[in-house]
Amino acid sequence: MARDFYPDVQWIWMNGRLVEFDKATIHVMTHALHYGSGVFEGIRCYQTKRGGAVFRLPEHVERLFDSAKIYRMEIPLSREEFAGAVLDTIRANEFEACYIRPLVYRGYGPMGVNPLLSPIEISIAAWPWGRYLGEEADRGVEACVSSWRRSAPNSLPATAKATGNYLNAQLIKMEAISNGYSEGIGLDMQGDVSEGSGENLFLVQNGALITPNVASSLLSGITRDAVMTLAREIGIEVREERVPRGLLYTCDELFFTGTAVEITPIRSVDRIPVGKGRPGEVTRRLIAEFQQAVSGEDDDRHGWLTPVGVPVAREVS
Ligand code: PMP
């Protein structure tokens with residue numbers, strides 16, 4: 001198998017054991033391939049003074065179990081075992097900084113929409129991953145409002161990080177890229193702002209930090225939560241509320257948050273400059289705070305880092 005995309009990856013965790021990259025394959029009759037029946041996570045491991053450390057690992061594992069619960073998927077591991085498997089995958093590949101992608105999906109079974117007859121399979125891959133929205137991310141990216149709406153909460157629950165949800169995300173992303181933007185912003189069914197195709201959105205207005213609330217068809221991001229915590233700590237007012245589209249064009253600052261994008265400033269929406277068209281003061285301050293938190297320079301005062309080197313307690317089954 002061509003290793004063009006993942007030259008550094010040696011091992012992938014599959015159903016309880018580490019297998020060589022080339023052997024981490026599945027059958028074409030896998031249920032998830034046909035019907036989008038999978039839930040997953042995106043996690044980052046950062047280089048710190050004391051070696052690699054995973055950012056908010058228990059929270060990511062919890063969200064994965066919540067996503068699985070919505071789709072009636074029983075994960076055959078405890079949360080602690082799952083977290084241990086993530087750490088094992090990083091250690092096996094000897095990565096310090098990397099992105100980790102756990103996936104829980106319906107495997108090979110009798111064809112048909114009913115997912116309950118297909119077994120639950122688990123894989124965990126990890127690879128070094130740089131800037132998700134490219135090197136221009138420091139200056140701020142150009143975004144557009146998508147013509148595609150986010151799915152209604154009573155169609156596909158956005159609070160589950162499910163593979164099928166990313167068909168909507170792909171429509172938003174492809175439209176944005178085809179029209180020369182880096183990213184698209186989805187509106188919810190009421191026409192208010194939801195989120196980007198793979199990231200949450202914040203705006204700064206009169207010194208306050210505002211982000212759409214979870215009722216607006218968005219994934220409750222773990223970076224979003226970290227940014228709200230860090231902002232409150234430095235005395236910034238934070239509000240989760242409905243964000244009308246118009247505010248995207250008139251706010252002072254705008255940025256995306258997410259595990260892959262971290263905090264990425266947005267310099268224009270639909271070619272209309274945000275503020276002065278470059279990253280604003282609040283955004284830059286939060287990027288600095290976030291950087292301190294993920295690198296452990298703040299002595300991990302929130303308890304957000306799990307060192308990769310220290311084995312976690314395993315439950316014996
Ligand atoms: N929204 C969507 C649709 C996403 O895919 C992601 C990335 N997981 C986020 C928001 C950001 O979530 P987090 O900060 O937990 O990575």
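All of these numbers come straight from a predicted model, not from anything done at the bench.

## Digging into the pattern of salt bridges
Line of reasoning, step 1. In this structure the tally under the stated criterion is 18 salt bridges.
Line of reasoning, step 2. Two residues, Lys 173 and Glu 183, come together in a salt bridge whose shortest N-O distance is 3.3 Å. You can see Lys 173 sitting in helix H4 (residues 166-178) and its partner Glu 183 sitting in strand E9 (residues 183-187), a full ten residues away along the chain. Grouping residues by exposure puts Lys 173 and Glu 183 together as buried.
Line of reasoning, step 3. Sharing partners across several salt bridges, the network here consists of Arg 56, Glu 59 and Asp 225.

## Notes on the site of the ligand
Line of reasoning, step 1. What surrounds the ligand is a group of 15 residues, the closest being Tyr 166, Glu 195, Ile 222, Thr 223 and Thr 259.
Line of reasoning, step 2. In this structure, Tyr 166 approaches the ligand through a side-chain N or O atom, which is 2.4 Å from an oxygen atom.
Line of reasoning, step 3. In this structure, Glu 195 approaches the ligand through a side-chain N or O atom, which is 2.6 Å from a nitrogen atom.
Line of reasoning, step 4. Most atoms of the ligand, that is more than half of them, are within 2 Å of grid points of the second largest pocket.
Line of reasoning, step 5. If you list the elements that add at least two residues to the shell around the ligand, you get helix H5 (222-233) and strand E14 (253-258).

## Regarding the packing of aromatic side chains
Line of reasoning, step 1. Scanning all chains against the criterion turns up twelve aromatic pairs.
Line of reasoning, step 2. For the pair Tyr 6 and Trp 127, a centre-to-centre distance of 5.4 Å together with 75 degrees between the ring planes defines the contact as edge-to-face. You can see Tyr 6 sitting in the segment before strand E1 (11-14) and its partner Trp 127 sitting in strand E7 (residues 120-127), a full 121 residues away along the chain.
Line of reasoning, step 3. We classify Trp 127 as buried; its relative accessible area is 12%.
Line of reasoning, step 4. Summarising the aromatic geometry, the rings of Phe 202 and Phe 255 are spaced 5.3 Å apart at their centres and angled 15 degrees between planes, so their arrangement reads as stacked. Residue Phe 202 is located in strand E11 (residues 200-205), and its partner Phe 255 is located in strand E14; the two are separated by 53 residues in the primary sequence. For the residue pair Phe 202 and Phe 255, the accessibility class agrees, reading buried in each case.

## So, the pairing of strand E15 (residues 262-269)
Line of reasoning, step 1. Of all eight residues making up E15, eight are buried, and the element is well covered by its neighbours.
Line of reasoning, step 2. Of the strand pairs in this sheet, strand E8 (residues 141-149) and E15 are connected by three bridges, and their pairing is parallel. Across the sheet, residue Glu 142 finds its bridge partner in E15, namely Ser 268.
Line of reasoning, step 3. In the sheet, E14 pairs with E15 via four bridges, with the strands oriented antiparallel. Paired with Gly 258 across the bridge in E15 is Glu 262.
Line of reasoning, step 4. Counting the residues in the hairpin turn of E14 and E15 gives three residues.
Line of reasoning, step 5. Pairing between E15 and strand E16 (residues 272-273): two bridges, direction antiparallel. Opposite Val 269, over in E16, you have Ile 272 as the bridge partner.
Line of reasoning, step 6. Hairpin connection of E15 to E16: two residues between the antiparallel strands, including Asp 270 at a positive phi of 55 degrees.

## Focus on the nonpolar core
Line of reasoning, step 1. Core analysis: the largest hydrophobic core is formed by 38 residues, its most contacted members being Val 54, Leu 57, Ile 75, Phe 82, Ile 90 and Ile 100.
Line of reasoning, step 2. For this core, the secondary-structure elements that each account for two or more residues are E1, strand E4 (43-48), helix H2 (57-70), helix H3 (79-93), strand E6 (98-106) and E7.
Line of reasoning, step 3. The element best represented in this core is H3, accounting for six residues.
Line of reasoning, step 4. Not counting residues up to four positions away in its chain, the partners in contact with Phe 82 are Val 61, Leu 64, Phe 65, Ile 75, Leu 77, Pro 102, Val 104, Ile 122 and Ile 124.
Line of reasoning, step 5. Core analysis: the next-biggest nonpolar cluster, separate from the first, contains 22 residues, Phe 202, Val 227, Val 282 and Leu 305 among them.

Conventions and cut-offs
- Residues numbered from 1 in each chain as written.
- Predicted model: local features only at pLDDT ≥ 70, side-chain atom pairs only at ≥ 80, totals over all residues.
- Heavy atoms only, no water.
- Salt bridge = Lys/Arg side-chain N within 4 Å of Asp/Glu carboxyl O.
- Helix = DSSP H or I, 4+ residues; strand = E, 2+ residues; numbered from the N terminus.
- Buried < 20%, exposed > 50% of the residue type's maximum accessible area, 1.4 Å probe, protein only.
- Near = heavy atom within 4 Å.
- Polar contact = N/O pair within 3.5 Å; in protein donor to acceptor, adjacent residues only side chain to side chain.
- 1 Å grid on protein atoms, 1.4 Å probe; cavity = no way out; pocket = protein on both sides within 12 Å on 5 of 7 lines; lining within 4 Å.
- Sits in = over half its atoms within 2 Å of the grid points.
- Phe/Tyr/Trp six-rings, centres within 6.5 Å; stacked < 30°, edge-to-face > 60°.
- Pairing = 2+ DSSP bridges.
- Core = buried A, V, L, I, M, F, W, Y, C linked by side-chain atoms within 4.5 Å.
- Contact = heavy atoms within 4.5 Å.

Interpretation note: all reported values are geometric properties and have no functional meaning in isolation.
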